[in-house]
Every structure is written in C-alpha cells, then in structure tokens.
Amino acid sequence: MRRLLLCLIGGFILAGSLFILNSARVYAIDENNCLVCHGNPEMSKTNGEGTKISLYVDKEAVKTAAHRFIDCTTCHTSEPHKVATPLTKLSLAEKCGSCHQYEYKLHLASVHGQQLVSGNPDVATCVDCHSPAGNPHSVIRVLEYNAPTYKKNIAQTCGACHNDERLMASYGIVEKVYESYMRSFHGKAMQLGTYEITQLDKATCTNCHGVHDIKSALDPNSPVAGVDNLAKTCEQCHEGAGIEFARGFLGHKEASPDNIPVAHYTEILFKTLLISVLSFGAIVVVMAIFRFSANRWRA
C-alpha cells in the first residue's frame, strides 16, 4: 500500500509538471490545413466591387483566440471555396449569431444593430468589441485581462469610436465621452485600481448603457434617458440614490449656464477662491522675503 501510494503521488507530480511545462504550448485546431495557405500574409482576393481583401490569418493570434479549439470549417462550412462569402460587418455578425443567438438578438435590437441592418458600416459589431484587431480570428474571451471587453478596458474600447471627433461630429455628437468619463470619479477609480480584482466593481460604459442591448440616449427605454431611468441605473450600485442624486450627474457634458448652472457657478466660485488664496499667500511670502532681505541689508 505504501508503494502504491508513493506511485500515485509520483504520478500526480509528474502529470502536473508536464501540464505546467506544456501549458504555454497551445495549438489551434486546423484539421483541414487551412493555415498552410491562409498563413501567408500576401494572400488576398478582389471582391465584386474591385476592393482588395486580405485572406491572411495570423497563426499566433489564432493560438490565443477564444475559438482556437474550433476548426475553421465550423464557421466557413466544409467547402468554403464553393460558398459566397461577402465579408461584411453584417455577415460577420450573422455568423457569430449562429452560435451566440441570445447576444445577437440583443445586438439587433440595439442602436448599433439597427444601424448595421440598415447598411451603416460605422457602427460597432461583435469583432469591433471582442477582438483587439477587429478581426474574427483574434476574438479574446471576456475575462482575459487584456481582452477589449475586460472591465478595465471597456472605456478604451468604446472610445475607439466615441473618442473620434470627426466620426462623432458626423452624427451630431459633440460631447467628449471618453475624456469626460476618465475625468469622472468612476474613470479615476478604474484607472487607479491597483489590482484587476479591484476594478471589477467600478462603473464603466456598459454598467450605465447596457452591453449588447445598448440604446440611444434619446430612446425612452434607455437606462440613461430621463432622470427616472437614470436614478434606477444609479441605484444598481448606489442603493437609495434617488432622483436628486441623479439630477446632480453631469453626464458627458460640461457644466454650463444651461447645463446644471449650480455646478457651473460653484466651480467658478471655487476656482476664484483658490486663485485668490494662492495669490494672497504668494504676496505674503514675497513681502516677507523682501522684509527679511531689507533688514539684513540695513544690518
């Protein structure tokens, strides 16, 4: 029994050691050797519109992708060369939706999904948010620390579009969404979080606007539309916040005489007070130095 026990312990140690040593060596499933051709960076095709489209698939990106253990034919069919592949944002979203049906249904009803169906190529879709390179072959799992959809990275992911002034201006959005969030208490708390676990309970874009079902801020059903909806959204984290708490939220707009004037004039008051106190202090210090120097000179 002692020998058997020692053999079992030795076997577990050996198996664990082999697992640890080989944990970094991950190979994607490629049963049909698709990467023999598609692993060539020069591989491309020209679509019906005369646009050159790259057919290159980065082997290293695939090895760390969330779908690395799913063979290419799962998404591209068993005879991909005989199937018309439009390679559009809509076709990619539809393909993702063939497995992720619930998320796809929510996305279709969102402001992004509605615009996507109507032919707008600017809106965010699955790969824009789940892949660092906007590529379906490099989608990363949500809970990986470097994933675009990991809690600490969400604001930056949304900011890829919402921090583009030219793109936002074309839709009449003038607020600097990303900058205003990073200046807010929530943004600073997220940025200053020492460990990733401390960042998981901080509010970011998806906490207020939703995840796959994001609606326009002008939609009456949006979680941030109107003070009543906003109060309910705030209460998810701030228990008992209420209407008055929500009224004090500036949103992504700067305080001005038209937008929460109390905050605007209070800010001016404190700026004036701060400058006055510092200026008075500087004058006192300069006068003290002058007086000290004059007394030394006379002596």
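Whatever comes next refers back to the structure up there.
Conventions we followed
Residues numbered from 1 in each chain as written. Predicted model: local features only at pLDDT ≥ 70, side-chain atom pairs only at ≥ 80, totals over all residues. Heavy atoms only, no water. Helix = DSSP H or I, 4+ residues; strand = E, 2+ residues; numbered from the N terminus. Rg over C-alpha atoms; globule rule 2.2 N^0.38 Å. Buried < 20%, exposed > 50% of the residue type's maximum accessible area, 1.4 Å probe, protein only. Contact = heavy atoms within 4.5 Å. Areas by Shrake-Rupley, 256 points an atom, 1.4 Å probe, with all protein chains shown as cover. Lys, Arg positive; Asp, Glu negative; His and termini not counted. Charge placed at Lys NZ, Arg CZ, Asp CG, Glu CD. Disulfide = S-S within 2.5 Å. Arc of directions from axis to C-beta. Salt bridge = Lys/Arg side-chain N within 4 Å of Asp/Glu carboxyl O.

A look at the overall build of the chain
Reasoning step 1: The number of helices and strands found in the chain is 16 helices and two strands.
Reasoning step 2: A globule of 299 residues ought to have a C-alpha radius of gyration of about 19 Å, yet the chain, at 28 Å, is considerably larger.
Reasoning step 3: Along the first, second and third principal axes, the C-alpha atoms of the chain reach 95 × 65 × 45 Å.
Reasoning step 4: Within the span of the chain, comprising 299 residues, buried residues form 22% of the whole.
Reasoning step 5: Here the analysis covers contacts within the chain between residues at least 6 apart in sequence; of these, 42% occur between residues at least 24 apart.
Reasoning step 6: Looking at the chain as shown, the accessible area adds up to about 21,500 Å², and 63% of this sits on carbon and sulfur atoms.
Reasoning step 7: Seen as two clouds, the 28 positive and the 28 negative side-chain charges of the chain have centres 9 Å apart.

A look at the state of the cysteines
Reasoning step 1: Scanning all chains against the criterion turns up zero disulfides.
Reasoning step 2: For the unlinked cysteine Cys-75, the closest cysteine sulfur is that of Cys-99, found at 6.5 Å.
Reasoning step 3: Its relative accessible area of 41% is what places Cys-75 among the partly exposed residues.
Reasoning step 4: Looking at Cys-205, it has no disulfide partner, and the nearest cysteine sulfur is the one in Cys-158, 3.9 Å off.
Reasoning step 5: On the basis of relative accessibility, which here comes to 19%, the residue Cys-205 falls in the buried class.

Points about unusual backbone geometry
Reasoning step 1: Not every positive phi belongs to a glycine, and Asn-33 is a case in point at roughly 55°.
Reasoning step 2: Mapped onto the elements of the fold, Asn-33 is located in the loop between helix H1 (2-22) and helix H2 (35-38).
Reasoning step 3: Positive phi, normally seen in glycine, also occurs at Thr-77, with a value near 70°.
Reasoning step 4: Position of Thr-77 among the secondary structure elements: in the loop between helix H4 (73-76) and helix H5 (89-97).

Some details on the environment of Arg-298
Reasoning step 1: Tracing the backbone through its elements, the reader meets Arg-298 in helix H16 (residues 261-298).
Reasoning step 2: As for Arg-298 and Gly-251, which are separated by 47 residues in sequence, their C-alpha atoms are 61 Å apart.

With respect to helix H14 (residues 226-235)
Reasoning step 1: Among the residues of H14, those classed as buried are Leu-230, Ala-231, Thr-233 and Cys-234. Seen end-on, H14 carries its buried residues on one side only, within an arc spanning 160°. For H14, the exposed residues set more than 90 degrees away from the buried face come down to Asp-228 and Lys-232.
Reasoning step 2: Buried residues in H14 make contact with helix H13 (205-209) and helix H15 (242-247).

Examining the pattern of salt bridges
Reasoning step 1: Taken as a whole, this structure holds seven salt bridges when the rule is applied.
Reasoning step 2: Between Lys-63 and Glu-60 there is a salt bridge, and its shortest N-O distance comes to 3.6 Å. Of this pair, Lys-63 and Glu-60 both sit in helix H3 (residues 59-63), three residues apart, which is roughly one turn of that helix.
Reasoning step 3: In this structure Lys-63 comes out as partly exposed when scored by relative accessible area, which is 28%.
Reasoning step 4: Judged by its relative accessible area of 51%, Glu-60 falls in the exposed class.
Reasoning step 5: Here Lys-89 ties to Asp-128 by a salt bridge, and the two come within 3.1 Å at their closest N and O atoms. Here Lys-89, found in helix H5, pairs with Asp-128, found in helix H8 (residues 126-130); they are 39 residues apart in sequence, far enough to count as distant.
Reasoning step 6: Judged by its relative accessible area of 25%, Lys-89 is partly exposed.

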